[in-house]
Amino acid sequence: MLFCFSILNKKVKAVILMTCINPVDGAMAVVMVQFAPVAATSIDEVEQNIDTIRNYVKRAVNSFPGVDMVVFPEYSTTGFAYYSYHYLMATTVPGPVTDKLAKIASDHGIWLVSSIVEKNEDPELMPYNGMLIFDPNGNIALKYRKMNPWNPKEPWTPGEEMPVCDGPKGTKLAVMLCYDGDLPEPAREAAWKGATVLIRPSKYMYPWNRVWEITNRARAYENIAYVVAVNTVGEDESYSYFGRSMVVDFEGNIINEMDGTAGMIKVDIYPQLVANARKQRASNNHLYNLKHRGYTGVPPYGVRTNPYSVYREWEKIPPEFSDAPPLMEPVANIARTILGNQKERLKKGTCR
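Colleague: What's the story with the nonpolar core in this structure? I'm lost.
Modeller: Burial of nonpolar side chains together is a common tendency in soluble globular proteins. Among the nonpolar cores identified, the biggest contains 48 residues, and Ile-133, Leu-173, Leu-198, Ile-199 and Ile-269 are the most heavily contacted of them. Counting residues per element, this core draws most heavily on strand β11 (residues 226-230), which supplies five residues. Once residues lying within four places of it in the same chain are set aside, the contact partners of Leu-198 are Ala-174, Met-176, Ala-187, Ala-190, Arg-219, Ala-225, Tyr-226, Val-227 and Val-228.

Encoded structure:
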């Protein structure tokens, strides 16, 4: 809840939290878990991360009765570092990793959001960086493939679709993974398809700690949606991770957030407020205004044509954006080589 009051003629915002172990009627209770996944080089280490996920879910259910959803960071089953065997750890959907995650969800009767590295249907292509939403029966309600892998470090095949699924308490859920949230398009695509809660599992590192807050708040405000942003902590051979998992409301206010330590936090959100705002707002109704430009001056619908050449002419790339910056290619080749070597090991049967 947000209250504004005046002190010496200055408007001050105060966010009042409803702090209770259980959700009230109409609230969706989300537990965010931030931890440091092991950068897996074996199936045993993937199992170690799954055990951590299982233990946190058990704790969340016991500590917060009525919790609806537990959300884990990007790479929560495999970890991420240059020595991680991502190609060798890639799994099918469904597959042995997803079966274990499904059982965690069904055993505890919660919605579970967790990651996988998904095998590509074409064995010659790189895997997908994936995220799954499981319903309380253990069914896969949503499978998302990261649409914008982080160049030049992530050697994944990009996904081509932004799916949206029904969630608890009348929500519509979508996922954007880490760098996806640095761009406006994935979140807008999800909101345009009806998503009211944008889940952003991440492995966000220093020095982008300030950008993390800016992008979470911007994606929430411009799409009139909650953003549930769950980050990693600790460090690996690649980077150091600052945590600060947070939930942002549809006005761009941080409802609650964590610090840089491992742990979990429960936050209640109210999805019906998003639906009401989208239907009833007479100003700052960004989703309506996007395709009703100049409504006031051009009744009754405003102008509905697309003025943005960047979208009308998607494949037309200006020369200054056509070629990769000089350092991008050699850095990208490091990641390509590592996964390529893993692929060759898999072909030769020397990976297990």
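Colleague: For this particular structure, what's the right way to read the sheet that holds β11?
Modeller: What the six strands build is an open sheet, ordered β8-β9-β10-β11-β14-β15; its pairing is mixed. The strands lining the two open edges of the sheet, one partner per strand, are β8 (165-166) and β15 (254-257). By the bridge criterion, three bridges tie strand β14 (residues 246-248) to β15 in an arrangement that is antiparallel. Residue pairing for β15: Val-248 is matched across the bridge by Ile-254.

Colleague: Help me understand the pairing of strand β9 (residues 172-175), please; the structure alone is not making it clear to me.
Modeller: Within a regular strand, side chains alternate between the sheet's two faces. Alignment of β8 against β9, held across two bridges, turns out to be antiparallel. Within the sheet, the bridge partner assigned to Asp-166 lies in β9 and is Lys-172. With antiparallel pairing between neighbouring strands as the criterion, β8 and β9 make up a hairpin whose turn holds five residues, including Lys-169 at a positive phi of roughly 60°. Strand direction decides the pairing type here: β9 and strand β10 (residues 197-201), joined by three bridges, are parallel. Considered in β10, the bridge of Leu-173 is made with Val-197. Note that the unit made of β9, helix α4 (residues 184-192) and β10 has a crossover that is right-handed.

Colleague: Looking at this structure, how should I read the sheet that holds strand β6 (residues 128-134)?
Modeller: One key point about sheets: their strands pair by backbone hydrogen bonds, in either a parallel or an antiparallel sense. Pairing is mixed across the open sheet formed by six strands, whose spatial order is β7-β6-β5-β4-β3-β16. Of all the strands in the sheet, just β7 (140-145) and β16 (263-269) have a single pairing partner and so form its edges. Ignoring which end each strand starts from, the neighbouring axes of this sheet average 25° apart.

Colleague: Help me understand unusual backbone geometry in this model?
Modeller: Across the chain, the bulk of peptide bonds are trans and the bulk of non-glycine residues have phi less than zero. Across the junction of Asn-151 and Pro-152, the peptide omega takes the value 5°, indicating a cis bond. Tracing the sequence through the fold places Pro-152 in the loop between β7 and β8. Within the chain, Tyr-75 stands out as a residue other than glycine whose phi angle is a positive 60°. Using a relative accessible area of 2% as the deciding quantity, one classes Tyr-75 as buried. Phi is positive for Lys-169, close to 60°, though the residue is something other than glycine. With respect to the element layout, Lys-169 can be found in the loop between β8 and β9. Exposure remark for Lys-169: the relative accessible area of 41% places this residue in the partly exposed category.

Colleague: Looking at this model, I keep getting lost on the packing of aromatic side chains. Mind explaining?
Modeller: Pairs of aromatic rings are described using the distance from one ring centre to the other and the angle between the two planes. Enumeration over the complete set of coordinates arrives at 14 aromatic pairs. Ring plane angle 85° and centroid distance 6.4 Å describe the contact between Tyr-308 and Tyr-311, whose orientation is recorded as edge-to-face. In this structure Tyr-311 comes out as partly exposed when scored by relative accessible area, which is 40%. Grouping aromatic residues by their ring pairs yields a cluster made of Tyr-204, Tyr-206, Trp-212 and Phe-242. The positively charged end of Arg-304 is found above the aromatic ring belonging to Tyr-301, 4.3 Å away from the centroid.

Colleague: Help me understand a nonpolar patch on the surface, please; the structure alone is not making it clear to me.
Modeller: A cluster of nonpolar residues, Trp-192, Leu-290, Tyr-308, Val-310, Tyr-311 and Trp-314, forms a patch on the protein surface that exposes about 640 Å² of accessible area. Tracing the chain through its elements places Trp-314 in the loop between α8 (309-312) and α9 (328-348). Accessibility expressed as a relative area gives 56% for Trp-314, which makes it exposed.

Here is what the cut-offs are and how they apply
Residues numbered from 1 in each chain as written. Predicted model: local features only at pLDDT ≥ 70, side-chain atom pairs only at ≥ 80, totals over all residues. Heavy atoms only, no water. Core = buried A, V, L, I, M, F, W, Y, C linked by side-chain atoms within 4.5 Å. Buried < 20%, exposed > 50% of the residue type's maximum accessible area, 1.4 Å probe, protein only. Helix = DSSP H or I, 4+ residues; strand = E, 2+ residues; numbered from the N terminus. Contact = heavy atoms within 4.5 Å. Pairing = 2+ DSSP bridges. Right-handed = clockwise from strand over helix to strand, strands pointing away. Axes fitted to C-alpha atoms, helices over the stretch in contact; angles between N-to-C directions. Phe/Tyr/Trp six-rings, centres within 6.5 Å; stacked < 30°, edge-to-face > 60°. Lys NZ or Arg CZ within 6 Å of the ring centre and 35° of its normal. Patch = residues over 30% accessible without salt bridge, like charges linked within 9 Å, V, L, I, M, F, W, Y side chains within 5 Å. Areas by Shrake-Rupley, 256 points an atom, 1.4 Å probe, with all protein chains shown as cover. Salt bridge = Lys/Arg side-chain N within 4 Å of Asp/Glu carboxyl O.

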